[in-house]
Protein chains: 2
Amino acid sequence: MTEPELLPILGQPVPERRDAARNRDALMCAAARLVDSCGVEAVTMDAVAEAAGVGKGTVFRRFGNRAGLMARLLDESEAAFQASVISGPPPLGPDAPPYERLIAFGRARLTSNLANADLLLAASGADTGRSYAAYSFTATHVRYLLGQLGVRGDIALLATALLAPLEVPILRQQVNIEQMDVERIVAGWEDLVGRVVSGPVTP
Amino acid sequence: MTEPELLPILGQPVPERRDAARNRDALMCAAARLVDSCGVEAVTMDAVAEAAGVGKGTVFRRFGNRAGLMARLLDESEAAFQASVISGPPPLGPDAPPYERLIAFGRARLTSNLANADLLLAASGADTGRSYAAYSFTATHVRYLLGQLGVRGDIALLATALLAPLEVPILRQQVNIEQMDVERIVAGWEDLVGRVVSGPVTP
């Protein structure tokens, strides 16, 4: 039942045994299903092991701890989001005009950040829980689209200004404390994009 | 040396003994001085007790723990900030036109958030560490100024859009990771205000 550790060859990825790969897929699948059906709070290492039909030790060896498991789930979700931006169908993907892509990006990011809010908190106790790599991807994409739209100004800071209201603590506050409707937040973001893209009117 | 606990009278504030008030002032003063000179990291309950010339037990009774002490320091800083917005000199205070007040607010908030970044993290492990009451004050102020400027749209969401880039995790990332100059961030925020206040240009 145990997976023997192979000595890694320097500079070469360790080959994954076929049953280990199967275990990993089963675990990720079981964990994602549990999160979807019961919420992040209810997902324990025990529950994942049971749902995937593997020993508890396998889950711990694979993810280290609960935060590690949540971080991996987040990585998978982030990878899927990035793929749909890079090569998915329009309006999020490349076959749409830049303004439509930007609007679609905001809606998709807002929705996925809200959906992953509990996962983000469970994955890390740090500031926002989102990795700098994930932020960097979204920042690069928004900068690119602002450039395509011919926006003048400090594009890096304007991109951050568009991304900042989509951060999880702000969305959670709007939805959970101020009881704002998600469609209202989306509409507000689209209005913000309109103002940022139009540029300041000099009287 | 111990401060006897008085039974509180329901609905009445417990009168503070004169030596307890002196202790509190001495402790807050010593803690603030230590933070200024050595940084948040270096400030321990022991160091504060020694600097204020009181017993360690007094510091723990007063603040509970280190996070409690940091939260109190933050409260004092927040109260001073709010006072300067409500009744301080222009351009932050009321004797300035709304646009100048808004620009002054952004600069002051950005500076104080950066200065208090370590305090915010030490005071709490939660999302941003800032209380909803503190957020609520700044949101109300920015909404009021946008109203004074005749800005049309969803004022609550536009105020949040202006406040979001001033949140500590974003500022820390810009300054510590992306090595951005603070003056550049301030200028970027002023440009954002110009765009938000101008409104979207309908072609």
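Look a little higher up for the structure.
Calculation criteria
Residues numbered from 1 in each chain as written. Chains lettered and ligands numbered in written order. Predicted model: local features only at pLDDT ≥ 70, side-chain atom pairs only at ≥ 80, totals over all residues. Heavy atoms only, no water. Least-squares fit on C-alpha atoms with pLDDT ≥ 70 in both. Contact = heavy atoms within 4.5 Å. Phe/Tyr/Trp six-rings, centres within 6.5 Å; stacked < 30°, edge-to-face > 60°. Lys NZ or Arg CZ within 6 Å of the ring centre and 35° of its normal. Buried area = accessible area lost by both parts, 1.4 Å probe. Salt bridge = Lys/Arg side-chain N within 4 Å of Asp/Glu carboxyl O. Polar contact = N/O pair within 3.5 Å; in protein donor to acceptor, adjacent residues only side chain to side chain. Helix = DSSP H or I, 4+ residues; strand = E, 2+ residues; numbered from the N terminus. Nonpolar A, V, L, I, M, F, W, Y, C, P; charged D, E, K, R; others polar. Axes fitted to C-alpha atoms, helices over the stretch in contact; angles between N-to-C directions. Parallel < 35°, antiparallel > 145°, perpendicular 65-115°, else oblique. Left-handed = near helix turned anticlockwise from the far one by under 90°. Buried < 20%, exposed > 50% of the residue type's maximum accessible area, 1.4 Å probe, protein only. Core = buried A, V, L, I, M, F, W, Y, C linked by side-chain atoms within 4.5 Å. Expected span 1.5 Å × (residues − 1).

(A) Structural context of the relation of the copies chain A and chain B. Taken as rigid bodies, chain A and chain B are interconverted by a rotation of 180° and an axial shift of 0.0 Å, the fit giving an RMSD of 0.0 Å. The transformation just described matches what one would write down for a two-fold rotation axis. Residue by residue, 100% of the interface of chain A is reproduced at the interface of chain B, so both copies engage with the same surface.

(B) Structural context of the packing of aromatic side chains. Across all of its chains, the model carries 2 aromatic pairs over all chains by this definition. Here the basic side chain of Arg109(A) rests over the ring of Phe81(A), its NZ or CZ set 4.6 Å away from the ring centre.

(C) Structural view of the interface of chain A and chain B. With 39 residues of chain A at the contact, the number on the chain B side is 39 residues. Carbon and sulfur atoms make up 62% of the area that chain A and chain B hide from each other, which totals about 3,100 Å². A salt bridge links Arg184(A) to Asp154(B); its shortest N-O distance comes to 2.7 Å. Between the two partners, chain A and chain B, sit 6 residue pairs in polar contact (both at pLDDT 80 or more). Elements with a minimum of two residues in the side of chain A that touches chain B: helix 7 (132–148), helix 8 (155–163), helix 9 (168–177) and helix 10 (182–198) of chain A. Here the residues of the side of chain A that touches chain B sort into 19 nonpolar, 10 polar and 10 charged.

(D) Up close: the packing of helix 5 (residues 98–115) of chain B against helix 7 (residues 132–148) of chain B. All names here are of chain B. One can describe the packing of helix 5 onto helix 7 by two numbers: an axis separation of 9 Å at closest approach and a directional angle of 155°. Taken as axis vectors, helix 5 and helix 7 run roughly antiparallel relative to one another. Every pair of crossing elements has a handedness; the one defined by helix 5 and helix 7 is left-handed. On helix 7, the residues that touch Pro98, Arg101, Leu102, Phe105 and Arg109 of helix 5 are Ala134, Thr138, His141, Val142, Tyr144, Leu145, Leu146 and Gln148. Across the contact of helix 5 with helix 7, the residue classes tally to 8 nonpolar, 3 polar and 2 charged.

(E) Representation of the pattern of salt bridges in the model. Per the stated rule, a full pass over the model turns up 16 salt bridges over all chains. Between Arg109(A) and Glu78(A) there is a salt bridge, with the nearest N and O atoms lying 3.3 Å from each other. Of the two residues, Arg109(A) is situated in helix 5 (residues 98–115) and Glu78(A) in helix 4 (residues 66–87); the sequence distance between them amounts to 31 residues. For Arg109(A), a relative accessible area of 4% puts it in the buried group. In this structure, the salt-bridge partner of Arg72(B) is Glu76(B), at a minimum N-O distance of 3.9 Å. In this pair, Arg72(B) and Glu76(B) are both assigned in helix 4 (residues 66–87), 4 residues apart and thus about one turn of the helix distant. Judged by its relative accessible area of 27%, Arg72(B) falls in the partly exposed class.

(F) Fine view of the environment of Glu190(A). Relative to the elements of secondary structure, Glu190(A) occurs in helix 10. Counting along the chain gives 86 residues from Glu190(A) to Ala104(A), while the straight-line C-alpha distance between them is 9.4 Å.

(G) Focus on the environment of Tyr132(B). Position of Tyr132(B) among the secondary structure elements: in helix 7. Once you skip the residues sitting within four places of it in the chain, Tyr132(B) turns out to touch Gln173(A), Ile177(A) and Glu178(A).

(H) Spatial organisation of the nonpolar core. Core analysis: the largest hydrophobic core is formed by 64 residues, its most contacted members being Leu146(A), Leu162(A), Leu146(B) and Leu162(B). Counting residues in hydrophobic clusters, the runner-up holds 25 residues, among them Ala31(A), Met45(A), Val59(A) and Ala117(A).

(I) Spatial organisation of the environment of Ser112(A). All names here are of chain A. Among the secondary structure elements, Ser112 is positioned in helix 5. Relative accessible area serves as the criterion here: at 18%, Ser112 is assigned to the buried category. As for Ser112 and Phe81, which are separated by 31 residues in sequence, their C-alpha atoms are 8.2 Å apart.

(J) Quick peek at unusual backbone geometry. All names here are of chain A. With omega at 5°, the peptide bond leading from Pro90 into Pro91 counts as cis. Among the secondary structure elements, Pro91 is positioned in the loop between helix 4 and helix 5. In the Ramachandran plot, Gln179 falls in the positive-phi region, its phi being about 55° despite a non-glycine side chain. By secondary structure assignment, the location of Gln179 is in the loop between helix 9 and helix 10.

(K) Examining helix 4 of chain B more closely. Residues and elements named next belong to chain B. The end-to-end C-alpha distance of helix 4, which contains 22 residues, comes to 32 Å, matching closely the 32 Å that a straight helix rising 1.5 Å per residue would cover. Of the residues making up helix 4, those classed as buried are Leu69, Met70, Leu73, Leu74, Glu78, Phe81 and Val85. Looking at the buried positions of helix 4, the neighbouring elements they touch are helix 1 (18–38), helix 2 (45–52), helix 3 (56–63), helix 5, helix 6 (117–123) and helix 7. Capping of helix 4 at its N-terminal end is provided by Asn65; its side-chain oxygen lies 3.2 Å from the backbone amide nitrogen of Ala67.

Keep in mind these numbers describe shape, not what the thing actually does.
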